[in-house]
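# Structural features, examined
If you want the building blocks of each chain, they are given just below.
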Amino acid sequence: MADAQTAILYRMVLPDHVCPFGVRAKAMLEAAGYTVDDRILEDREAVEAFKADRGVDTTPQIEIDGERIGGSDDLERYLATRDGR
């Protein structure tokens, strides 16, 4: 279990759509003991600007200890490896 570790989560929450992968990532992080710095992308322009700035194709994106982990599937693999599963 992480001791007072913080993860940064960039996820899409639009007026008409909440990304289920972002919800999943947040739940996995909290279950693993992380404090989540939840950075909401509230409109399509913010989402597209974020992806262009970071050079990524999708959201959510997770960062832990300054390292880009990736999306929710990448996070699941990261947590499994970290926990020795």
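Now for a quick tour of the structure. These numbers come from a predicted model, not from an experiment.

Scanning the protein chain from terminus to terminus reveals three helices and five strands. Ordered by position from N to C terminus, the α and β elements of the protein chain give β-β-α-β-α-β-β-α. With 85 residues in all, the protein chain has 39% of them scored as buried. Put simply, of all contacts in the protein chain between residues at least 6 apart along the chain, 66% involve residues at least 24 apart. For the protein chain, the distance from the average site of its 11 positive side-chain charges to the average site of its 18 negative ones is 3 Å.

In this section: the environment of Val36. Following the sequence through the fold, Val36 ends up in strand β3 (residues 35-41). Between the C-alpha atoms of Val36 and Leu9, which are 27 residues apart in sequence, the distance is 6.6 Å. Other than its neighbours up to four places away in sequence, Val36 contacts Ala7, Leu9, Lys26, Leu29 and Glu30.

In total, this model carries one cavity of 30 Å³ or more according to the counting rule given. Looking at the lining of the largest cavity, the elements that each hand over two or more residues are α2 (44-54) and β4 (61-64). Of the residues assigned to the lining of the largest cavity, the class counts are one nonpolar, one polar and three charged.

The next subject is the pairing of strand β1 (residues 6-14). Of all the nine residues making up β1, seven are buried; the element is thus mostly covered by neighbouring parts of the structure. Bridge count for β1 against β3 is seven bridges, and the pairing is parallel. Among the inter-strand pairings, Arg11 is bridged to a residue of β3, identified as Ile40. In the sheet, β1 pairs with β4 via four bridges, with the strands oriented antiparallel.

The next subject is the side chain of Ser72. Here Ser72 shows up in helix α3 (residues 72-82). Here Ser72 falls in the buried class, since its relative accessible area comes to 4%. Not counting chain neighbours up to four residues away, the residues in contact with Ser72 comprise Phe21, Arg24, Ala25, Met28, Pro60 and Ile62.

Here we take up the environment of Asp37. Looking at the secondary structure, you find Asp37 in strand β3. Asp37 gets classed as partly exposed once you look at its relative accessible area, which sits at 27%. Along the sequence, Asp37 and Thr6 sit 31 residues apart, while their C-alpha atoms lie 6.8 Å from each other. Once residues lying within four places of it in the same chain are set aside, the contact partners of Asp37 are Thr6, Ala7, Ile8 and Leu9.

Here is what the cut-offs are and how they apply
Residues numbered from 1 in each chain as written. Predicted model: local features only at pLDDT ≥ 70, side-chain atom pairs only at ≥ 80, totals over all residues. Heavy atoms only, no water. Helix = DSSP H or I, 4+ residues; strand = E, 2+ residues; numbered from the N terminus. Buried < 20%, exposed > 50% of the residue type's maximum accessible area, 1.4 Å probe, protein only. Contact = heavy atoms within 4.5 Å. Lys, Arg positive; Asp, Glu negative; His and termini not counted. Charge placed at Lys NZ, Arg CZ, Asp CG, Glu CD. 1 Å grid on protein atoms, 1.4 Å probe; cavity = no way out; pocket = protein on both sides within 12 Å on 5 of 7 lines; lining within 4 Å. Points joined across faces, edges and corners; volume = space filled by probe spheres on them. Nonpolar A, V, L, I, M, F, W, Y, C, P; charged D, E, K, R; others polar. Pairing = 2+ DSSP bridges.

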